[in-house]
Amino acid sequence: YEIKECDWSSDVCSSDLKIILGGPQISYSTKQELQINYPGCDYFIQGYAEECLLNLVTGVDINNKIISLPLSYCKLIPLYSNNEIPINDFQEKVRFETKRGCPYNCSFCAHKSKHSKKIEVIEKNVVLTELNYLNSRGVRKVNILDPVFNIKNYLEILEFMIDMDFRPQISLQSRLEIINGNKGMKFLDMCERLNSHLEFGMQTIIEDEFKVIKRNNDKQLIKRVLNEINNRSISYEVNLIYGLPNQTVDTFKKSIDFLHDNGCSNI
């Protein structure tokens, strides 16, 4: 907020300080937009910042004003068990990732990569080490930030947690319509054995709205999945977006009514 409100023509921008900006607002702007909106900025990082920022401070990319690199997750190290991010015993909440990237193309999403739709998965031994450490420290809740948890290696990770008697609550951002078949039922079985909370981004059930944001929803499949979850002891919520193209107050209410009619009370 402070940077956004900065007077880019002020003295601070002409000093020896180097100003580096990143995040979704920067990542999805064009070169022309960046030059117009932030004339006093020295460098822009588009996408994931770990390697880009390292290159900047070590002098690798100092001749490039806009820096963007595909993330190779295998290069990342354990953050909690190595004490890179210190935590307290019985800490209320931590954030954790098992993968990055998303194969879908929803127009509103900040997880899209300009390089590819490939999903980068953290190494198995790093996941195990971190989860064991968080469990041993008595952390109360772990928010797993994967854009979509229930794609690629998710059953293996849940199995790790069950085997180690993982006690913290885990919050998983998941996708309703891929809870299907044997793998889908196994996913719910494992979630039921853990202290899990599932977060589903349905966004809208109205065709004129979901087509324009490239987020198609299958009503019948969603009904079946919600019915299955409602018959289990699994905590969950479904998220909607208000303010979509073509949306009105009445159509937004129809999405809410659809969820209520199918047993969802946490919207």
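So, a few notes on the structure that sits alongside this text. (Residues numbered from 1 in each chain as written. Predicted model: local features only at pLDDT ≥ 70, side-chain atom pairs only at ≥ 80, totals over all residues. Heavy atoms only, no water.)

With that out of the way, let us pick up the overall build of the protein. When you go through the protein residue by residue, the secondary structure sums to nine helices and ten strands. When each of the 267 residues of the protein is scored for burial, the buried share is 42%. Across the protein, the fraction of contacts at a sequence separation of at least 24, relative to all contacts at a separation of at least 6, is 69%. With an accessible surface of roughly 14800 Å², the protein has 48% of that area assigned to carbon and sulfur atoms. (Helix = DSSP H or I, 4+ residues; strand = E, 2+ residues; numbered from the N terminus. Buried < 20%, exposed > 50% of the residue type's maximum accessible area, 1.4 Å probe, protein only. Contact = heavy atoms within 4.5 Å. Areas by Shrake-Rupley, 256 points an atom, 1.4 Å probe, with all protein chains shown as cover.)

In any sheet, the strands associate via hydrogen bonds between backbone groups, in a parallel or an antiparallel arrangement. Read across the open sheet, the three strands follow the order 1-2-3; overall the sheet is parallel. In the strand order of this sheet, the two ends are held by strand 1 (20–21) and strand 3 (66–67), each with one partner. Bridge count between strand 2 (residues 43–45) and strand 3: two bridges; the pairing is parallel. Looking at strand 3, one finds that isoleucine 45 is bridged to isoleucine 67. (Pairing = 2+ DSSP bridges.)

With that settled, the discussion passes to the sheet that holds strand 10 (residues 235–240). One open sheet holds the five strands; their spatial order is 4-7-8-9-10, and the pairing between them is parallel. This sheet does not close on itself; its edge strands, each paired only once, are strand 4 (94–96) and strand 10. For this sheet, the mean inter-axis angle between neighbouring strands, taken without regard to orientation, is 25°. (Axes fitted to C-alpha atoms, helices over the stretch in contact; angles between N-to-C directions.)

A separate point is the packing of helix 5 (residues 154–163) against helix 6 (residues 181–193). To characterise two packed helices, one gives the angle between the axes of the helices and the distance between these axes. As a packed pair, helix 5 and helix 6 sit with axes 10 Å apart at the nearest point and diverge in direction by 25°. Between helix 5 and helix 6, the angle falls in the class roughly parallel. Regarding helix 5 and helix 6, the two cross each other, and that crossing is left-handed. Residues Tyr154, Leu155, Leu158, Glu159 and Ile162 of helix 5 pack against Lys183, Lys186, Phe187, Met190, Cys191 and Arg193 of helix 6. (Parallel < 35°, antiparallel > 145°, perpendicular 65-115°, else oblique. Left-handed = near helix turned anticlockwise from the far one by under 90°.)

On inspection of all chains with the given rule, the structure shows five aromatic pairs. Centroid distance tyrosine 154 to phenylalanine 187: 5.6 Å. Interplanar angle 80°. Geometry classified as edge-to-face. Residue tyrosine 154 is located in helix 5, and its partner phenylalanine 187 is located in helix 6; the two are separated by 33 residues in the primary sequence. Of the two residues, tyrosine 154 and phenylalanine 187, both sit in the buried class. Here the aromatic cluster, defined as three or more aromatic residues joined through ring pairs, consists of Phe149, Tyr154 and Phe187. Between the NZ or CZ atom of arginine 175 and the centre of the ring of tyrosine 104, over which it lies, the distance is 3.5 Å. (Phe/Tyr/Trp six-rings, centres within 6.5 Å; stacked < 30°, edge-to-face > 60°. Lys NZ or Arg CZ within 6 Å of the ring centre and 35° of its normal.)

Note on soluble globular proteins: their nonpolar side chains tend to be buried together. Ranked by internal contacts, the top residues of the largest apolar core, which has 49 residues, are Val142, Leu158, Met161, Leu172, Phe187 and Leu198. Broken down by element, the residue count for this core peaks at seven residues, all from helix 5. The contacts of methionine 161, once residues within four sequence positions are left out, are Leu131, Ile144, Phe166, Ile170 and Leu194. Core analysis: the next-biggest nonpolar cluster, separate from the first, contains seven residues, Leu21, Ile26, Tyr38 and Cys41 among them. (Core = buried A, V, L, I, M, F, W, Y, C linked by side-chain atoms within 4.5 Å.)

Two side chains bearing opposite charge may form a pair once their charged atoms approach each other closely. Inspection of every chain in the model, using the stated rule, returns 14 salt bridges. Close ionic contact of lysine 124 with glutamate 156 constitutes a salt bridge, the shortest N to O distance being 3.2 Å. In this pair, lysine 124 is assigned in helix 4 (residues 124–136) and glutamate 156 in helix 5, connecting sequence segments 32 residues apart. Where arginine 175 meets glutamate 177, a salt bridge forms, and the shortest distance between an N and an O atom there is 3.0 Å. The same class applies to arginine 175 as to glutamate 177, namely buried. Here the residues in one salt-bridge network are Asp189, Glu192, Glu228 and Arg232, joined through shared partners. (Salt bridge = Lys/Arg side-chain N within 4 Å of Asp/Glu carboxyl O.)

This part is about the layout of surface pockets. When its volume is computed, the second largest pocket comes out at roughly 370 Å³. In this structure, the second largest pocket is lined by 20 residues; those nearest its centre are Phe108, Pro147, Gln173, Gly201 and Gln203. Counting only elements with at least two residues in the lining of the second largest pocket, the list comes to strand 8 (169–174) and strand 9 (196–203). Counting residues per element, the lining of the second largest pocket draws most heavily on strand 9, at four residues. (1 Å grid on protein atoms, 1.4 Å probe; cavity = no way out; pocket = protein on both sides within 12 Å on 5 of 7 lines; lining within 4 Å. Points joined across faces, edges and corners; volume = space filled by probe spheres on them.)

Next up on the list: the pairing of strand 9. Within a regular beta strand, the side chains point alternately toward one face of the sheet and then the other, so they alternate between its two faces. Within strand 9, six of the eight residues are buried, leaving the element largely enclosed by the surrounding structure. Summarising the sheet, strand 8 and strand 9 pair through five bridges and their orientation is parallel. When the bridges of strand 9 are listed, isoleucine 170 appears paired with serine 196. For the crossover that starts at strand 8, traverses helix 6 and ends in the parallel strand 9, the hand is right-handed. Relative to strand 10, strand 9 runs parallel, the two being bridged by six bridges. When the bridges of strand 10 are listed, glutamate 199 appears paired with glutamate 237. (Right-handed = clockwise from strand over helix to strand, strands pointing away.)

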